[in-house]
Amino acid sequence: MPGSLVTCLWFDGNAAEAAEYYVSIFPNSKITSRQAYPEGGNEQHHSAGKDLTVEFELNGHKFVGLNGGPMFKFNPAVSFQIMCKDQAEIDYYWDKLKEGGDPEAQRCSWVADKFGLSWQVVYENFPKILGGQDKERANRAMAKMMGMKKLIVDELENA
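A short tour of the structure in this document, coming up. (Residues numbered from 1 in each chain as written. Predicted model: local features only at pLDDT ≥ 70, side-chain atom pairs only at ≥ 80, totals over all residues. Heavy atoms only, no water.)

**Some points on the overall build of the protein**
We apply this condition: Under the DSSP-based scheme used, a helix requires at least four consecutive residues in state H or I and a strand at least two consecutive residues in state E, with every element numbered from the N terminus. Any two residues having at least one pair of non-hydrogen atoms within 4.5 Å are treated as being in contact. Per-residue and other accessible areas were derived by the Shrake-Rupley procedure at a 1.4 Å probe size, with only the shown protein chains allowed to occlude residues.
In terms of helices and strands, the protein carries 5 helices and 8 strands. When the helices and strands of the protein are placed in sequence order, the string is β-α-β-β-β-β-α-β-β-β-α-α-α. For the protein, the proportion of contacts with a sequence separation of at least 24, taken over those separated by at least 6, is 58%. With an accessible surface of roughly 9200 Å², the protein has 52% of that area assigned to carbon and sulfur atoms.

Okay, here's the thing in structure tokens:
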């Protein structure tokens, strides 16, 4: 489809490991293709025959993992939001993505995984709470969220 968007993620040689990890976490997900570095490719950082790219889908969102080398690292300026319907979903994604990740990068629903990629594990009703008619409740909910690492649905709903 013309104009369709695909997110390209730059890895330092571990794109396949990351893709396999993410596909194991998200339902309805799969690795769709791999492309190897050709003979005479970028020998400075990669060997011919190793993965250049790994294409995968997470719940219908398309990604390309590129083994580009050590020059660039992920940072929290870019993150992926996972909209969760309840505490069980929040707990599932949070617990999976925090394994081996940076504990210092866990706050206000943000979690950095073991590859350094940032995710926001969000309660899907939270934007409605913040945008609702009750501004005092919205302020209390925002204050609660700012003090949390992983979001706690009951505390947000009852703020």
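**Side note on the nonpolar core**
To keep it simple, the criterion reads: Residues belong to a common nonpolar core when they are buried Ala, Val, Leu, Ile, Met, Phe, Trp, Tyr or Cys residues joined through side-chain atoms within 4.5 Å. Think of it in three bands: with a 1.4 Å probe and only protein chains considered, a residue is buried below 20% of the maximum accessible area for its type, exposed above 50%, and partly exposed in between. Marked domain ranges trace back to an automatic or database domain assignment.
Judged by nonpolar contacts, the single largest core of 37 residues is most densely connected at Y22, I82, Y93, L97, W119, V121 and Y123. With 7 residues, helix 1 (residues 15-25) is the single largest residue contributor to this core. Composition of this core by domain shows at least three residues from each of domain 1 (1-71) and domain 2 (73-158). In this structure, V121 is in contact with I82, C84, I90, Y93, W94, S109, V111 and L151, ignoring residues within four places of it in sequence.

**Section: the packing of helix 1 against helix 2 (residues 87-98)**
Where we set the bar: Note on geometry: axes are lines fitted to C-alpha atoms, helical ones only across the stretch in contact, with angles between N-to-C directions running from 0 to 180 degrees. Each angle gets one of four labels, with under 35 degrees taken as roughly parallel, over 145 as roughly antiparallel, 65 to 115 as roughly perpendicular, and the rest as oblique. The sense of a crossing depends on the near helix, which, turned anticlockwise from the far helix by less than a right angle, makes the crossing left-handed and, turned clockwise, makes it right-handed. Polar here means any residue other than Ala, Val, Leu, Ile, Met, Phe, Trp, Tyr, Cys and Pro, which are nonpolar, and Asp, Glu, Lys and Arg, which are charged; Gly is therefore polar.
Put simply, helix 1 and helix 2 touch, their axes get as near as 11 Å, and they point 160 degrees apart. With respect to each other, helix 1 and helix 2 are oriented roughly antiparallel. Along this stretch, helix 1 crosses helix 2, giving a crossing that reads as right-handed. Touching Y21, S24 and I25 of helix 1 are Y92, Y93, K96 and L97, all from helix 2. A breakdown of the residues in the contact of helix 1 with helix 2 according to their chemical character gives 5 nonpolar, 1 polar and 1 charged.

**Looking at the packing of aromatic side chains**
Centre distance and the angle of the planes are the two values used to describe a pair of aromatic rings. Condition: Paired rings are identified among Phe, Tyr and Trp, the last through its six-membered ring, by centres lying within 6.5 Å, and are further divided according to the angle between planes into stacked (under 30 degrees), edge-to-face (over 60) and tilted (the rest).
What the rule picks out here adds up to 14 aromatic pairs. With centroids separated by 6.1 Å and ring planes inclined at 90 degrees, the aromatic side chains of F11 and F115 adopt a geometry described as edge-to-face. Taken together, the positions of F11 in strand 1 (residues 7-11) and F115 in the loop between strand 7 (110-112) and strand 8 (118-123) put the pair 104 residues apart, joining distant regions of the chain. Of the two residues, F11 and F115, neither departs from the other in class, the shared state being buried. A connected cluster of aromatic rings, assembled from ring pairs, spans F11, Y21, Y22, F26, F56, F63, F74, F80, Y92, Y93, F115 and W119.

**Remarks on the environment of T7**
Secondary-structure assignment places T7 in strand 1. When sequence neighbours within four positions are dropped, the list of residues in contact with T7 reads H61, K62, F63, V64 and F80.

**Here we look at the sheet that holds strand 6 (residues 102-107)**
Let me state the cut-off plainly: Any two strands are treated as partners once DSSP identifies two or more bridges connecting them.
Ordered by their spatial adjacency, 4 strands build an open sheet running 5-8-7-6, and the pairing between neighbours is mixed. The two strands at the open ends of the sheet, each matched to only one other strand, are strand 5 (79-84) and strand 6. Strand after strand, the sheet turns through a mean of 25 degrees between neighbouring axes, direction not considered. In the sheet, strand 7 pairs with strand 8 via 3 bridges, with the strands oriented antiparallel. Pairing of V111 across the sheet is with W119, part of strand 8. The sheet strands contacting helix 2 are strand 5, strand 6, strand 7 and strand 8, and the helix crosses strand 5 at an angle near 150 degrees.

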